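Residue strings, one per chain:
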Amino acid sequence: MAITIKKAQEIAKLSAANKIVAKTLEYLTCNIHPGLSLKELNAMGESYIHSLGARPAFKGLYGFPAGVCTSVNEVIIHGIPTDYELKEGDIVGLDIGTEVDGWYGDSAVTVGVGEISKSDESLIACAKDALYYAINIIEPEMRFKELSHAIEQFILQKGYVPLHGFCGHGIGRKPHEEPEIPNYLEGINPKSGPKIKNGMVFCIEPMICHKDGTPKILADKWSVVSADGLRGSHYEHTVAIVDGKVEILSLS
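In the nomenclature of an unreviewed UniProt entry, the chain is known as Methionine aminopeptidase of Sulfurospirillum multivorans. Taken verbatim from the UniProt record of the chain, the Catalytic activity (unreviewed entry) comment is "Release of N-terminal amino acids, preferentially methionine, from peptides and arylamides." Heading Subunit (unreviewed entry) of the UniProt record for the chain holds this comment: "Monomer."

Caption draft 1: Representation of the sheet that holds strand 7 (residues 167–170) within the structure. One open sheet accounts for five strands, arranged 8-7-9-14-15; its pairing is antiparallel. Two strands bound the open sheet, and with one partner strand each, they are strand 8 (177–182) and strand 15 (245–248). Each strand axis lies, on average, 25° off the axis of its neighbour in the sheet, ignoring direction. One ladder, built from two bridges, connects strand 7 with strand 9 (residues 201–204); its direction is antiparallel.

Caption draft 2: Region of the structure containing the pattern of salt bridges. Counting across every chain of the model gives nine salt bridges. Taking the shortest distance from any N to any O, the salt bridge between Glu-141 and Lys-195 comes out at 3.7 Å. With Glu-141 in the loop between helix 3 (118–137) and helix 4 (144–157) and Lys-195 in the loop between strand 8 and strand 9, this pair connects stretches of sequence that are 54 residues apart. With its nearest N and O atoms 3.3 Å apart, the salt bridge here joins Glu-141 to Lys-197. One end of the pair, Glu-141, is in the loop between helix 3 and helix 4; the other, Lys-197, is in the loop between strand 8 and strand 9, and 56 residues separate them in sequence. Linked through salt bridges whose partners overlap, the residues forming this network are Glu-141, Lys-195 and Lys-197.

Caption draft 3: Spotlight on helix 3. End to end, helix 3 covers 28 Å across 20 residues, agreeing with the expected 28 Å (1.5 Å per residue, within 8%). Considered for burial, the residues of helix 3 that qualify are Asp-120, Leu-123, Ile-124, Cys-126, Ala-127, Ala-130, Leu-131, Ala-134 and Ile-135. All buried residues of helix 3 lie within an arc of 160° about the axis, which places them on one face of the element. Exposed residues lying more than 90 degrees from the buried face of helix 3 are Lys-118 and Asn-136.

Caption draft 4: Main features of helix 4. With 14 residues, helix 4 extends 20 Å between its outermost C-alpha atoms, agreeing within 8% with the 20 Å of an ideal straight helix rising 1.5 Å per residue. All of the buried residues in helix 4 are Phe-144, Glu-146, Leu-147, Ser-148, Ala-150, Ile-151, Glu-152, Phe-154 and Ile-155. A positive backbone phi angle near 90° is found at Gly-159, which sits one or two residues after helix 4.

Caption draft 5: Structural view of the environment of Thr-24. Its place among the elements puts Thr-24 in helix 1 (residues 8–31). Remark: the alpha-carbon pair of Thr-24 and Val-161, spanning 137 residues in sequence, is separated by 29 Å. If we skip the residues at most four places from it in the chain, Thr-24 touches Gly-45, Tyr-48, Ile-49, Leu-52 and Ile-96.

Reading the values: rules and limits
Residues numbered from 1 in each chain as written. Predicted model: local features only at pLDDT ≥ 70, side-chain atom pairs only at ≥ 80, totals over all residues. Heavy atoms only, no water. UniProt positions renumbered as here; feature names shortened; annotations may be inferred. Pairing = 2+ DSSP bridges. Helix = DSSP H or I, 4+ residues; strand = E, 2+ residues; numbered from the N terminus. Axes fitted to C-alpha atoms, helices over the stretch in contact; angles between N-to-C directions. Salt bridge = Lys/Arg side-chain N within 4 Å of Asp/Glu carboxyl O. Expected span 1.5 Å × (residues − 1). Buried < 20%, exposed > 50% of the residue type's maximum accessible area, 1.4 Å probe, protein only. Arc of directions from axis to C-beta. Contact = heavy atoms within 4.5 Å.

Here is the structure:
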């Protein structure tokens, strides 16, 4: 499948969906506290998305049961909201998608619950910093594999490793489109594969592990952890290439 090129008015529609994602993530981040259950957190997110005129895009997507991915501590991505009540010192990844008039938004953050350890602060910072590093180096005619390779090198230099088997992706009239954008180089040649071009819209989402990037899926069939059993972190933005520059769509 070809990577679609979006027109200006289509990027504007994607921006509208993504702004709702950003506002919802801000709303949830401001309201996270010890004692809040993941189901309550999800209900807050879904209600807020609806109040802004959007649909929670993840609910029912591939069978996922909720509108907000709530990934706590060792769970890096795709955590299902449960009755678990957040505790002081937990970290939780929030990944949200929205749909407005057939166009999709997608973004994620990892946040601490109350006071967290210096180790967790560094882990979260790696995911966030890797995301913005990637955004800052993107330019037209760069290959997606070059971007993946650069993200991997950044993560390794920080003393962590990327989660394997999961990746960023294109986005538009579907929540997941071409291309796939791993946080590591697949193969040996970063100077191969498709190039980044004006009008492309895609999600970059570093997923960070401590020691081992091998994924394990838990018994719920969704929650992804690292084989090392340690905590992970995840950050994501939707970006568009407009007039040779990167625009972050998932900002409020």
